[in-house]
Number of protein chains: 2
Amino acid sequence: MSDLAAALDIVGARWALLIVDRLLDGPQRYGDLQRDLGVPTNMLATRLRELEAAGVLVRLPLRHNTRAYALTDRGLALREAIVALGNWGKNDAQEPSLES
Amino acid sequence: MSDLAAALDIVGARWALLIVDRLLDGPQRYGDLQRDLGVPTNMLATRLRELEAAGVLVRLPLRHNTRAYALTDRGLALREAIVALGNWGKNDAQEPSLES
DNA sequence: CGGCCATGCTTGCAAAATGCAAGTAGCCCG
DNA sequence: CGGGCTACTTGCATTTTGCAAGCATGGCCG
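Computed from a prediction, not measured in an experiment: that's the story for all the values here. (Residues numbered from 1 in each chain as written. Chains lettered and ligands numbered in written order. Predicted model: local features only at pLDDT ≥ 70, side-chain atom pairs only at ≥ 80, totals over all residues. Heavy atoms only, no water.)

1. Quick notes on the relation of the copies chain A and chain B
Think of it as a corkscrew move, a rotation about one axis and a shift along it, taking one chain copy to the other.
Next up, step 1: Superposition of chain A onto chain B requires a rotation of 180 degrees combined with a translation of 0.0 Å along the rotation axis, giving an RMSD of 0.0 Å. Given the turn and translation reported, the copies of this chain are related as if by a two-fold rotation axis. Residues of chain A ranked by C-alpha distance from the rotation axis are headed by Ala81(A), positioned 2.7 Å from it.
Next up, step 2: A share of 100% of the interface residues of chain A reappears at the interface of chain B, consistent with the copies meeting face to face through the same patch. (Least-squares fit on C-alpha atoms with pLDDT ≥ 70 in both. Contact = heavy atoms within 4.5 Å.)

Dropping the structure here:
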């Protein structure tokens, strides 16, 4: 299995990179992630569990029934890849011209 | 929609980045991609169609009933992001220790 | 010129992932 | 003790993915 395939095994699932991207701005709470990203709540819960298990992020307990999700060093190391992908997406991606 | 989301809309689907990665080594034929990546043939056909429509790659007719798939400039521009993700995946990704 | 093979797909259907909506659980505040 | 806030879980429909088998086209070999 290539390194790329190994990476995609962890952060290749839908929403995973978007969640990490959001956390690059600092720890966020569940509801914030949900509202900012528009991700379905069950998917968010599943991804957070997977990313925590993969050592990408950790849960920080806050007051009573709230907690924050924060990137680990390994999660922060994704910044370079996320920035590169974001820059790529910034350029208009258009289909070829329709001329004959 | 963020730039990252736009990028993932194009290359976020399963196998897409692996296909592009393989094509970074130069144009490849359908059967080569299929055997090298182990991707199901219907998925490969679907992804190649999508990536062609997105302007990431083009079809080059070869002898009789064979053709090659080659990256466009836009496809080649993914190299940086793919390398970054690959480097990230290279480091052992382990779950947290089981100690209490 | 006719059968046969290689190559590049398409198709039918099962399994898994994703999404929507509603419900559950713990805690604090009044 | 009731209501609201937060973080989820659950049930089920929809979409995506995967497997296996089949189809199409062009060249080659007899």
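2. Overview of the sheet that holds strand β1 (residues 28-29) of chain B
All names here are of chain B.
Next up, step 1: Taken together, the 3 strands give an open sheet; going across it, the order is β1-β3-β2, and neighbouring strands pair in antiparallel fashion. At either end of the open sheet lies a strand with only one pairing partner, and these are β1 and β2 (57-61).
Next up, step 2: Against the sheet, helix α2 (residues 16-23) touches β1, β2 and β3 (67-71), its axis set at about 95 degrees to β3. (Pairing = 2+ DSSP bridges. Helix = DSSP H or I, 4+ residues; strand = E, 2+ residues; numbered from the N terminus. Axes fitted to C-alpha atoms, helices over the stretch in contact; angles between N-to-C directions.)

3. Overview of the packing of helix α3 (residues 30-37) of chain B against helix α4 (residues 41-53) of chain B
Helix-helix packing: each pair is described by the crossing angle between the helix axes and the interaxial distance.
Residue and element names in this part refer to chain B.
Next up, step 1: Between α3 and α4, the shortest axis-to-axis distance is 10 Å and the interhelical angle comes to 125 degrees. On the basis of their axis angle, the class for α3 and α4 is oblique. In this structure, α3 meets α4 at a crossing whose hand is right-handed. Across the interface between the two elements, Tyr30, Leu33 and Gln34 of α3 pack against Thr41, Leu44, Ala45 and Leu48 of α4.
Next up, step 2: Class assignment of the residues belonging to the contact of α3 with α4 gives a composition of 5 nonpolar, 2 polar and no charged. (Parallel < 35°, antiparallel > 145°, perpendicular 65-115°, else oblique. Left-handed = near helix turned anticlockwise from the far one by under 90°. Nonpolar A, V, L, I, M, F, W, Y, C, P; charged D, E, K, R; others polar.)

4. Description of the interface of chain A and chain B
Next up, step 1: Listed per partner, the contact involves 36 residues of chain A and 36 residues of chain B.
Next up, step 2: For the chain A and chain B pair, buried surface summed over both sides reaches about 2,800 Å², with 73% attributable to carbon and sulfur atoms.
Next up, step 3: Counting the surface chain A buries against chain B, the share from its top three residues, Leu4(A), Arg74(A) and Trp88(A), is 29%.
Next up, step 4: On the surface where chain A and chain B come into contact, there are 2 salt bridges.
Next up, step 5: One salt bridge connects Lys90(A) with Asp3(B), and the closest N-O pair in it is separated by 3.8 Å.
Next up, step 6: A per-element tally of the side of chain A that touches chain B places helix α6 (residues 79-90) of chain A first, with 9 residues.
Next up, step 7: Residues belonging to the side of chain A that touches chain B are distributed by class as follows: 21 nonpolar, 7 polar and 8 charged. (Buried area = accessible area lost by both parts, 1.4 Å probe. Salt bridge = Lys/Arg side-chain N within 4 Å of Asp/Glu carboxyl O.)

5. A short note on the protein's contact with DNA strand C
Next up, step 1: Residues in close proximity to DNA strand C total 21 residues, the closest being Trp15(A), Asn42(A), Arg47(A), Asn65(A) and Tyr69(B).
Next up, step 2: Counting only atoms of DNA strand C within 4 Å of the protein, the fraction found in sugar and phosphate groups is 61%.
Next up, step 3: Arg47(A) is positioned with one of its side-chain polar atoms (N or O) 2.2 Å from a phosphate oxygen of DNA strand C.
Next up, step 4: Between Asn65(B) and DNA strand C, the recorded distance is 3.4 Å, taken from a side-chain N or O atom to a base nitrogen.
Next up, step 5: Elements that contribute at least two residues to the surface near DNA strand C include exactly α4 (41-53) of chain A together with α3, α4 and β3 of chain B. (Near = heavy atom within 4 Å. Polar contact = N/O pair within 3.5 Å; in protein donor to acceptor, adjacent residues only side chain to side chain.)

6. Brief notes about the protein's contact with DNA strand D
Next up, step 1: What surrounds DNA strand D is a group of 21 residues, the closest being Gly31(A), Tyr69(A), Trp15(B), Asn42(B) and Arg47(B).
Next up, step 2: Restricting attention to atoms of DNA strand D within 4 Å of the protein, one finds that 67% of them are sugar or phosphate atoms.
Next up, step 3: One nitrogen or oxygen atom from the side chain of Trp15(B) is found 2.5 Å from a phosphate oxygen belonging to DNA strand D.
Next up, step 4: Taken together, the elements giving at least two residues each to the surface near DNA strand D come down to α3 (30-37), α4 and β3 (67-71) of chain A together with α4 of chain B.
Next up, step 5: When grouped by side-chain class, the residues that make up the surface near DNA strand D number 6 nonpolar, 9 polar and 6 charged.

7. Describing the packing of aromatic side chains
Next up, step 1: Counted by the stated rule, this structure contains 0 aromatic pairs over all chains.
Next up, step 2: Of note, Arg74(A) hangs over the ring of Trp88(B), and the distance from its end group to the ring centre comes to 4.0 Å. (Phe/Tyr/Trp six-rings, centres within 6.5 Å; stacked < 30°, edge-to-face > 60°. Lys NZ or Arg CZ within 6 Å of the ring centre and 35° of its normal.)

Function-wise, these values are silent; they only describe arrangement.
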